[in-house]
Amino acid sequence: VIGTPAYMSPEQAQMSGLDVDTRTDIYSLGVLLYELLTGTTPFEREKFGDVSYDELRRIIREDEPPKPSSRISTLRADQSSTISEQRGIDVRRLGQMVQGELDWIVMKSLEKDRAHRYETAKNLAVDIERHLRDEPVSAGPPSTCYRLRKFIRRNRVAVVAATLVIGATLMGA
């Protein structure tokens, strides 16, 4: 086995001769992003120390890690205080900030089926940039409400102005 278990993709743990490609690196990048957001890896390292080699491989291949926002809400008190200090933000507030799009991006990076992961690091980076610009991310649901919400957030002044003009026109009529 080549790799650190906490960062190992399911296809590496499978050892089936399946080609390891860039999507394996995307999985590892997803683990790093998860760790940056939560202060811990998707599967806790202590859990890996207490299991057999075959159980370790099974966990990586089959168990679904919790979403980053869920992990943040279940951190121990000492971990929470460390995260609060390092990030300069309350843990509850951090959980709220991570919930939604950042959860989607990280979980898409950590998909067990590599066909559902980002194909390249550039695709992952584009989604992160879209999140930072308050645009819809590809990892999110393709719903009209979600896209409308993102549009209104990006164009608040224009939407408010248009609403006022339409409202004034209707009241004048």
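First, a word on what this report is: a plain description of the structure on this page. (Residues numbered from 1 in each chain as written. Predicted model: local features only at pLDDT ≥ 70, side-chain atom pairs only at ≥ 80, totals over all residues. Heavy atoms only, no water.)

## Brief notes about the overall build of the protein
And then number 1: Across its full length, the protein holds eleven helices and zero strands.
And then number 2: Along the protein, helices and strands appear, N-terminal first, in the series α-α-α-α-α-α-α-α-α-α-α.
And then number 3: For the protein, whose C-alpha radius of gyration is 20 Å, the value lies well above the compact-globule estimate of 16 Å for 173 residues.
And then number 4: C-alpha extents for the protein along the principal axes are approximately 75 × 40 × 20 Å.
And then number 5: Among the 173 residues that make up the protein, the fraction classed as buried is 35%. (Helix = DSSP H or I, 4+ residues; strand = E, 2+ residues; numbered from the N terminus. Rg over C-alpha atoms; globule rule 2.2 N^0.38 Å. Buried < 20%, exposed > 50% of the residue type's maximum accessible area, 1.4 Å probe, protein only.)

## What to know about helix H8 (residues 101–109)
And then number 1: In terms of residue burial, H8 counts as a mostly covered element, since seven of its nine residues are buried.
And then number 2: All of the buried residues in H8 are Glu101, Leu102, Asp103, Ile105, Val106, Met107 and Ser109.
And then number 3: Packing partners of the buried residues in H8 comprise helix H2 (22–38), helix H5 (68–73), helix H7 (91–98), helix H9 (121–132) and helix H10 (144–154). (Contact = heavy atoms within 4.5 Å.)

## Some words on the packing of H2 against H8
And then number 1: Their axes nearest at 7 Å, the elements H2 and H8 cross at an angle of 145°. Crossing angle aside, the handedness with which H2 passes H8 is left-handed. Judged by residue contacts, Ile26, Tyr27, Gly30, Leu33, Tyr34 and Leu37 of H2 engage Leu102, Ile105, Val106 and Ser109 from H8.
And then number 2: Grouping the amino acids of the contact of H2 with H8 by side-chain chemistry returns eight nonpolar, two polar and no charged. (Axes fitted to C-alpha atoms, helices over the stretch in contact; angles between N-to-C directions. Left-handed = near helix turned anticlockwise from the far one by under 90°. Nonpolar A, V, L, I, M, F, W, Y, C, P; charged D, E, K, R; others polar.)

## Focus: unusual backbone geometry
And then number 1: The phi dihedral of Asp134 is positive, around 65°, even though this residue is not glycine.
And then number 2: Looking at the secondary structure, you find Asp134 in the loop between H9 and H10.

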